[in-house]
Amino acid sequence: MFHSKPKTGILRRIIKINVKSARPKYRQIIDSVYFAIENGKLKKGDKVPSINQICSDYYLSRDTVMFAFNDLKSKGILLSQPGKGYYVASTEIHREERVFVLFDELNAFKEDLYNSLVGTMSGSAHVEVFFHHFNYKVFKNLILESVGHFTSYIIMPATFDNSVHLISKLPRDRVFILDRLKSELKNYPVVYQDFESDFYEALTDGLPLLKKYRKLVFVHPGGKEPAERVKGFERFCSENHFNFEVIKSLDGVRPGLYEAWFLISDRDLVQMVKIAREYKYKLGKKFGIVSFNDTMLKEVVAGGITTISTDFTEMGKALGTMLLNHQAGQLRNPSRLIVRNSL
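Residues numbered from 1 in each chain as written. Predicted model: local features only at pLDDT ≥ 70, side-chain atom pairs only at ≥ 80, totals over all residues. Heavy atoms only, no water.

Engineer: So what's going on with the sheet that holds strand 14 (residues 335-338)? Residues and values would help.
Structural biologist: With mixed pairing, the 6 strands of this open sheet are ordered in space as 9-8-10-11-12-14. Of all the strands in the sheet, just strand 9 (243-247) and strand 14 have a single pairing partner and so form its edges. Each adjacent strand pair in this sheet contributes to an overall mean axis angle of 15 degrees, direction not counted. Pairing of strand 12 (residues 306-310) with strand 14 involves 4 bridges; the strand directions are antiparallel. The residue bridging isoleucine 308 from the neighbouring strand is leucine 337, located in strand 14. Against the sheet, helix 10 (residues 228-239) contacts strand 8 (215-219), strand 9, strand 10 (259-263) and strand 11 (287-292), and its axis sits at roughly 165 degrees relative to strand 9. In the packing of helix 11 (residues 266-278) onto the sheet, the strands contacted are strand 8, strand 10 and strand 11, and the crossing angle to strand 11 comes to about 165 degrees. (Pairing = 2+ DSSP bridges. Helix = DSSP H or I, 4+ residues; strand = E, 2+ residues; numbered from the N terminus. Axes fitted to C-alpha atoms, helices over the stretch in contact; angles between N-to-C directions. Contact = heavy atoms within 4.5 Å.)

Have a look at this one:
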């Protein structure tokens, strides 16, 4: 049975065209119909906006709209009734899994995560990756532009709070949160790092090696870096009676013997290795360096840099499995202390 009258305001609710998007307009029409069906705004038998309506409202050529409608007809989604228009013939959508991935920034370990994610979903999904670079305006625009154009969404909200009003514009059962566990996003599936516990547990594992140092120094620049790490560091030092300090940068510092330094920034890592060389401090003997987020380069720099690192390959694998199997829940990603020469 076909419904001859379209619902009030159906055009604006169903067909969404972003003129600034690089995605072809015909593809945006197809995505809009799919999205409306998936979210229950279009049901079997519903009439869809006419070709002339869409052309007029969005200043599109007839060929563009016809191309989209013909594609939907070929898949059995739409059916044309001569003299009446186009109707939804089927709501059974079998389209390729298209995954929107929004990372904060590109670096070596995000590349490991991405490669693992893509490898886990190999042959089962097409993945497109974007970066917001900790810029809220970019974060907002990328999410809004993605609505209806993908089947699943992987979002790394990073330091942004109160992002739920944006993310709620995406289909709730197709959104996955990555890297940080945020209370406002607790109803979404997530693979996360527990920054406080990861740091605390790594320090506890390394306690036998740390006992030879008189002072522990954590360089935490703030900003985009998780503040929870400071809590884990201070808790460990207090419980184990270490003299400790938390500073924001290496500006003007003069590291001393029997100190162990914990560095988030790779730029700080390089600078500290140079300082140790200049002062003739032998790493791992009377002076220690620990970095975060393991890379292949850190295996060889200065004879090997000790790291505290989550398993980014495992994170990508877990997220890919969760997405393909439509799993929910909150999964803490494993992290460990990787001991090398520098400690």
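Engineer: Explain unusual backbone geometry to me, and be specific about the residues and the numbers.
Structural biologist: Not every positive phi belongs to a glycine, and asparagine 162 is a case in point at roughly 55 degrees. As for its position among the elements, asparagine 162 is in the loop between strand 5 (152-155) and helix 7 (164-167). Positive phi, normally seen in glycine, also occurs at lysine 280, with a value near 60 degrees. Inspection of the secondary structure puts lysine 280 in the loop between helix 11 and strand 11. Of the residues examined, lysine 280 reaches a relative accessible area of 73% and is grouped as exposed. (Buried < 20%, exposed > 50% of the residue type's maximum accessible area, 1.4 Å probe, protein only.)

Engineer: Tell me what's going on with a positive patch on the surface, and back it up with residues and numbers.
Structural biologist: On the surface, a cluster of positive charge is contributed by Lys16, Lys41, Lys140 and Lys169. Tracing the backbone shows lysine 140 in helix 6 (residues 136-146). We classify lysine 140 as partly exposed; its relative accessible area is 35%. (Patch = residues over 30% accessible without salt bridge, like charges linked within 9 Å, V, L, I, M, F, W, Y side chains within 5 Å. Areas by Shrake-Rupley, 256 points an atom, 1.4 Å probe, with all protein chains shown as cover. Salt bridge = Lys/Arg side-chain N within 4 Å of Asp/Glu carboxyl O. Lys, Arg positive; Asp, Glu negative; His and termini not counted. Charge placed at Lys NZ, Arg CZ, Asp CG, Glu CD.)

Engineer: Can you explain the confidence of the model for the chain? Please cite residues and give values.
Structural biologist: In this model, the chain carries a mean pLDDT of 90, and residues with pLDDT of at least 70 account for 95%. Under a pLDDT of 50 for its full length, residues 4-8 has, in the predicted model, 7 contacts with residues more than four places off or in other chains. (pLDDT = per-residue confidence, 0-100.)

Engineer: Describe the pattern of salt bridges, naming the residues involved and giving the relevant values.
Structural biologist: Scanning all chains against the criterion turns up 13 salt bridges. In this structure, the salt-bridge partner of arginine 332 is glutamate 201, at a minimum N-O distance of 3.1 Å. Of this pair, arginine 332 sits in strand 13 (residues 330-332) while glutamate 201 sits in helix 8 (residues 195-205), placing them 131 residues apart in sequence. Residues participating in the shared-partner salt-bridge network are Asp198, Glu201 and Arg332.

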